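# Working through the structure, step by step
Residue-level listing of the chains:
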Amino acid sequence: MNLKRVSLFLLLCSMLSTTALAKETTFQVDDGYTPGERFARYKPKHPELKWPVLQYREGQAAEFERPYKSLGNRDLHIDTFFPSAENHNGQAIVLIHGGGWRAGNKSHFYPLANKLAQLGYTVFTPEYRLSIEAQYPAGMLDIVDAVLWVKANSETLMINPDRVAIGGGSSGGQMAALAGFTAHLPLFNPHQDADPRVNAVIDLDGVLDFTTPLALQFEDKRKATSAAALWLGGDYQSMPARWKEASAATHVHNNAPPTLVISSGQVRFTAGHEAVGKALNQYGIDYEFVMLPPTIHTFWLFEPYLSQTTETIHTFLQRVATQGVPQ
């Protein structure tokens, strides 16, 4: 059988549909945000959009639904995309899916994960608790534990534990930046002997400062029923300290990881990036801001933006590889 042109998407759907949970549990799921829903919404005004075609290359491998964290009768799972042996570079990337902190699925990052694996990266897409199941900081604790799981299993996974990057899209980008900039603090890491520091942050259209006028105009528009408020536990007026704490811009420090921000051109989604970039530059830390010509918010889901995003991340991480690991 020639594996070079197997439709990975169909294979993954088949595998996921037959996956059995290790433990029975019940929790709410909001499936209103899917790539299919986004494609139908955006395609009429963006005829350039194309569905990504996922293909395995010889020597690639993938592993699905492996438990990385147990919460009583609730397991959280992680998927892994491995590069071929001859193309392996030792760099890991943990990708956090978006969905307004309430919806979405780790499978949304399969196309990007697969393309990055073809460039030599080992890519992980973790499940985490969304606001419909548990409010902040539950999801943050989960993704930090996902990073720690990757590091703890680095030998088996054949990655360098000092070369683990974290990235995400939309709300996942916000969470990735927050996790990356607070990894030196116990804020989301209750394990005193574990080190969740990452060597890079990749933010795809994720808010970096909830407290800016631009962010508040949209993220606090519906007050207590806004997506951010439903996650954070209240609107900005009632919980300003928590909105500040959840802002990655609040936590930039002199050993923060190199950071890449890719914007859809809709400036609201990367509110606060100027302050982050200025602070990182003052500390001499690599910061790159890439703004696409105004396009759809979830640009990483579809071609031609999927391939552009892949190449931008690859170029950035190649540069990070020459700069060493933050101490």
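The preceding data block contains the structure.
Everything in this summary refers to the structure shown in the same document.

How each quantity is defined
- Residues numbered from 1 in each chain as written.
- Predicted model: local features only at pLDDT ≥ 70, side-chain atom pairs only at ≥ 80, totals over all residues.
- Heavy atoms only, no water.
- Helix = DSSP H or I, 4+ residues; strand = E, 2+ residues; numbered from the N terminus.
- Rg over C-alpha atoms; globule rule 2.2 N^0.38 Å.
- Buried < 20%, exposed > 50% of the residue type's maximum accessible area, 1.4 Å probe, protein only.
- Contact = heavy atoms within 4.5 Å.
- 1 Å grid on protein atoms, 1.4 Å probe; cavity = no way out; pocket = protein on both sides within 12 Å on 5 of 7 lines; lining within 4 Å.
- Points joined across faces, edges and corners; volume = space filled by probe spheres on them.
- Nonpolar A, V, L, I, M, F, W, Y, C, P; charged D, E, K, R; others polar.
- Arc of directions from axis to C-beta.
- Pairing = 2+ DSSP bridges.
- Axes fitted to C-alpha atoms, helices over the stretch in contact; angles between N-to-C directions.
- Salt bridge = Lys/Arg side-chain N within 4 Å of Asp/Glu carboxyl O.

Of regular secondary structure, the protein chain possesses 11 helices and eight strands. Relative to the globule expectation of 20 Å for 327 residues, the C-alpha radius of gyration of the protein chain, 19 Å, shows essentially globular dimensions. If you line up the protein chain on its principal axes, its C-alpha atoms span 60 × 45 × 45 Å. Taking all 327 residues of the protein chain together, the buried fraction comes to 56%. Looking at the protein chain alone, contacts between residues at least 24 apart form 78% of all its contacts between residues at least 6 apart.

Structurally, S84 is set in the loop between β2 (74–82) and β3 (92–96). Taking the C-alpha atoms as reference points, S84 and L187, 103 residues apart in sequence, are found 36 Å from one another. With residues up to four places along the chain from it excluded, the contact list for S84 reads E58, G59 and Q60.

With that settled, the discussion passes to the layout of surface pockets. Roughly 910 Å³ of volume is contained in the largest pocket. What lines the largest pocket is a set of 32 residues, and nearest its centre among them are R38, G99, G100, A227 and R268. Top element by residues in the lining of the largest pocket is helix α2 (residues 35–42). It accounts for four residues. Of the residues assigned to the lining of the largest pocket, the class counts are 11 nonpolar, 11 polar and 10 charged.

Attention shifts here to α2. Within α2 the residues assigned to the buried category are P35, R38, F39 and Y42. Looking down the long axis of α2, one finds its buried residues gathered within 100° of arc, a one-sided arrangement.

A few words now on the sheet that holds strand β5 (residues 164–169). Read across the sheet, eight strands follow the order β1-β2-β4-β3-β5-β6-β7-β8 without closing on themselves; strand pairing throughout is mixed. Each edge of the open sheet is held by one strand with a lone partner, namely β1 (61–71) and β8 (287–291). Shown here is a sheet whose adjacent strand axes are inclined to one another by a mean of 20°, direction ignored. Relative to strand β7 (residues 259–263), strand β6 (residues 200–204) is paired through four bridges, and the arrangement is parallel. Along β7, the bridge assignment pairs I202 with L260. Along the sheet, helix α10 (residues 273–282) makes contact with β7 and β8, crossing β8 at roughly 150°.

Here we take up the pairing of β2. Counting buried positions along β2 yields nine of nine residues, so the element is predominantly enclosed. Where β1 lies against β2, eight bridges are found, and the strand directions are antiparallel. Within β2, the residue paired with S70 across the bridge is D75. Linking two consecutive strands that pair antiparallel, namely β1 and β2, is a turn of two residues; a positive phi of about 70° is found at G72 within it. One ladder, built from four bridges, connects β2 with strand β4 (residues 122–126); its direction is antiparallel. Looking across to β4, one finds that T80 is bridged to F124.

Bringing the pattern of salt bridges into the picture now. For the structure on display, the rule yields 16 salt bridges. Of the charged contacts in the structure, one is a salt bridge between D220 and K223, with a shortest N-O distance of 3.2 Å. Overlapping salt bridges bring together K69, R129, D142 and D145 as one network.

No statement about biological role is implied by the geometric values presented.
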